[in-house]
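Each chain, letter by letter, is given below.
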Amino acid sequence: MASLSKLSNLNPSYSPTSFNPKSFQPTACLIKAFNGKTAFDQRVFSSRLSLRGDHASWGSLVVRCSNLDGNGSQIKRTVLHDLYEKERQSPWYDNLCRPVTDLLPLIASGVRGVTSNPAIFQKAISTSNAYNEQFRELVQAGDDIEVAYWKLVVKDIQDACELFEPIYNQTDGGDGYVSVEVSPRLADDTAGTVEAAKWLHKVVDRPNVYIKIPATAECVPSIKEVISLGISVNVTLIFSLARYEEVIDAYLDGLEASGLSDLSKVTSVASFFVSRVDTLVDKMLEKIGTPEALDLRGKAANAQAALAYKLYQKKFSGPRWEALVKKGAKKQRLLWASTSVKNPAYPDTLYVAPLIGPDTVSTMPDQALQAFIDHGTVSRTIDSNISEAEGIYSALEKLGIDWGYVGSQLELEGVDSFKKSFDSLLDSLQEKAKSLKLVNL
């Protein structure tokens, strides 16, 4: 994780390295600081708790809970409950910030998991005062900036995991996950990613945490290794069918290499990005400029996603998969990511409603989530017209759209965006630390 890009060894006391991304000098202080679970605010679970989210955009998602143990609590059903119960798609929330208890009304409304990334934490930490007290304590205790950053992140992840743990338990580990990503600086570091994943898994210390690993060429082997160690993974930044198949194979290879007799506790999701595909392909189509090309705008992403689901069905069937099922293996679910609409001319549920199918996840930021709750409809759509999806995919190829280029370019942009968010946040924390030290001179 930048400085945590490599860890010292595989024993339980291994620690993150100093804060040079290229260094490999272990320091013992951080793991000691992380020992034990955080003391989560027990008031979350007390009766007569009144909660209101601060986000006006949540609208009907803002609820008041008189009791959180289910006794006498009135919970309004939403379309999210139908999405899961009728079509077996899990709605997740693509955001995380303090207070983490803001997630409670979302959980009551049917949200079943959370995804985070460096950009989400950059926004949360740099625009909120909710992190100041803990950060001040960390800086005054002598923590380096990036050590402090990861402590802030780990606390949020742990607290969110505890909120979703009842769902995790009710589904026997099938749902209720919270995702945290390794440092984006490790996107081209196979071994460093493995060590960072092991470190995060250890310090978060929650059964329902997903360690996010990017699907770069360098990190696909990392996915296999981490899965083989029994660590559950959210594979992120998947933009092409070819890379998606590599990700599935890495998951299967990891399960087979694990040596575990019971594979039921090792799970994974494959985060297939959608809206960003249209953003890039639409620009390419506009450059071509023919009526046929212009007519295909806004169709590339969902067509490719439908074909990804077809590939998912193929790969998780047959003798190889059945042999793993006998050991308790669970399918690596497809997770639709980047579901917010970037082009305001498109329907606001364009990357949610057409991608509904069993054993999938849709992670939605505020705008997409609210739109789908307000006017989304629930029906199986992901494989309702595979032939049309195949036709669109082929038509785009005939027009000169190189799917390999699209996947590679979007991967580069995604990794670069997360790196910039990560670096920007560390810079802002450095400035905040300086001001805190001045205040306390």
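Look a little higher up for the structure.
What you are looking at is a predicted structure, and each value in this text was computed from that prediction instead of being measured. (Residues numbered from 1 in each chain as written. Predicted model: local features only at pLDDT ≥ 70, side-chain atom pairs only at ≥ 80, totals over all residues. Heavy atoms only, no water.)

1. So, the pairing of strand β6 (residues 268-273)
Here is step 1: Within β6, six of the six residues are buried, which leaves the element mostly enclosed by the surrounding structure.
Here is step 2: Here β6 shows two buried faces, one formed by S268, A270 and F272 and the other by V269, S271 and F273.
Here is step 3: Bridge count for strand β5 (residues 233-238) against β6 is four bridges, and the pairing is parallel. Paired with V235 across the bridge in β6 is A270.
Here is step 4: Handedness of the crossover is the feature at issue here: the chain leaves β5, passes through helix α9 (residues 241-257), returns alongside β6, and the resulting connection is right-handed. (Buried < 20%, exposed > 50% of the residue type's maximum accessible area, 1.4 Å probe, protein only. Helix = DSSP H or I, 4+ residues; strand = E, 2+ residues; numbered from the N terminus. Pairing = 2+ DSSP bridges. Right-handed = clockwise from strand over helix to strand, strands pointing away.)

2. With respect to the pairing of strand β8 (residues 360-364)
Here is step 1: With five of its five residues buried, β8 lies for the most part within the structure.
Here is step 2: Burial of β8 is two-sided: the residues T360, S362 and M364 facing one way and the residues V361 and T363 facing the other way are all buried.
Here is step 3: Where strand β1 (residues 89-94) meets β8, five bridges bridge the pair, whose relative direction is parallel. By the bridge assignment, W92 is partnered in β8 with T363.
Here is step 4: Direction of pairing for strand β7 (residues 333-337) relative to β8: parallel, over a ladder of three bridges. Each bridged residue has a counterpart across the sheet, and for L335 the counterpart in β8 is V361.

3. Some remarks on the pattern of salt bridges
Here is step 1: Applying the stated criterion to the full structure yields 26 salt bridges.
Here is step 2: Here R88 makes a salt bridge to D359, at a shortest N to O gap of 3.0 Å. One end of the pair, R88, is in the loop between α2 (79-87) and β1; the other, D359, is in the loop between β7 and β8, with 271 residues separating them in the sequence.
Here is step 3: The class for R88 is partly exposed, based on a relative accessible area of 45%.
Here is step 4: A relative accessible area of 24% places D359 in the partly exposed class.
Here is step 5: Note that R243 and E411 form a salt bridge whose closest N and O atoms lie 2.9 Å from each other. Separated by 168 residues along the polypeptide, R243 in helix α9 and E411 in helix α16 (residues 403-439) bring together distant segments of the chain. (Salt bridge = Lys/Arg side-chain N within 4 Å of Asp/Glu carboxyl O.)

4. With respect to the side chain of S232
Here is step 1: Examined against the element boundaries, S232 turns out to sit in the loop between α8 (220-228) and β5.
Here is step 2: Separated by 3.4 Å, the side chain of S232 and the backbone oxygen of K265 make a polar contact.
Here is step 3: Every residue in contact with S232, bar those within four places of it in the chain, is listed here: V209, Y210, I211, K265, V266 and T267. (Polar contact = N/O pair within 3.5 Å; in protein donor to acceptor, adjacent residues only side chain to side chain. Contact = heavy atoms within 4.5 Å.)

5. Looking at the packing of aromatic side chains
Here is step 1: Following the criterion strictly, the structure yields 15 aromatic pairs and no others.
Here is step 2: Centre to centre, the rings of Y168 and Y177 are 5.5 Å apart; their planes meet at 90 degrees, and the pair counts as edge-to-face. The burial state of Y168 is the same as that of Y177; both residues are buried.
Here is step 3: With a centroid separation of 6.3 Å and an interplanar angle of 55 degrees, the aromatic rings of Y251 and F316 are classed as tilted. Of this pair, Y251 sits in helix α9 while F316 sits in the loop between α12 (300-315) and α13 (319-325), placing them 65 residues apart in sequence. Neither Y251 nor F316 differs from the other in exposure class; each is buried.
Here is step 4: One aromatic cluster is present, formed by Y251, Y309, Y312, F316 and W321 through successive ring pairs. (Phe/Tyr/Trp six-rings, centres within 6.5 Å; stacked < 30°, edge-to-face > 60°.)

6. Focus on helix α7 (residues 190-204)
The α-helix winds at 3.6 residues per turn, so residues separated by three or four positions along the chain end up facing the same way.
Here is step 1: The terminal C-alpha atoms of α7, which comprises 15 residues, lie 21 Å apart, in line with the 21 Å expected from a rise of 1.5 Å per residue.
Here is step 2: Inspection of α7 places G192, T193, V194, E195, A196, A197, K198, W199, L200, V203 and V204 among the buried residues, and these make up the whole buried set.
Here is step 3: For α7, the N-terminal capping position is held by D189, with its side-chain oxygen 3.4 Å away from the main-chain nitrogen of A191.
Here is step 4: Looking one or two residues beyond α7, the residue adopting positive phi is D205, at roughly 55 degrees. (Expected span 1.5 Å × (residues − 1).)

7. Overview of the packing of helix α10 (residues 275-288) against α12
Here is step 1: Between α10 and α12, the least distance of the axes is 7 Å, while the angle of their chain directions is 130 degrees. As far as their axial angle goes, α12 and α10 are oblique. Contacts between α10 and α12 involve V277, D278 and V281 on the former and, on the latter, A300, A301 and Q304.
Here is step 2: Looking at the contact of α10 with α12, its residues break down into four nonpolar, one polar and one charged. (Axes fitted to C-alpha atoms, helices over the stretch in contact; angles between N-to-C directions. Parallel < 35°, antiparallel > 145°, perpendicular 65-115°, else oblique. Nonpolar A, V, L, I, M, F, W, Y, C, P; charged D, E, K, R; others polar.)

8. Regarding helix α15 (residues 386-398)
Here is step 1: End to end, α15 covers 18 Å across 13 residues, agreeing with the expected 18 Å (1.5 Å per residue, within 8%).
Here is step 2: Every buried residue of α15 is listed here: I386, A389, I392, Y393, A395 and L396.
Here is step 3: At the C-terminal side of α15, G400 shows a positive phi close to 105 degrees.

9. Focus: the packing of α8 against α9
How two helices sit against one another is set out by the angle between their axes and by the gap between those axes.
Here is step 1: Close contact between α8 and α9 brings their axes to 7 Å; oriented N to C, the two are set at 30 degrees. Taken together, α8 and α9 sit at an angle that is classed as roughly parallel. In this structure, α8 meets α9 at a crossing whose hand is right-handed. Across the interface between the two elements, V220, I223, K224, I227 and S228 from α8 touch R243, E246, A250, Y251, D253, G254, L255 and A257 from α9.
Here is step 2: Its residues assigned to classes, the contact of α8 with α9 shows seven nonpolar, two polar and four charged. (Left-handed = near helix turned anticlockwise from the far one by under 90°.)

Taken by themselves, the reported measurements are silent on function.
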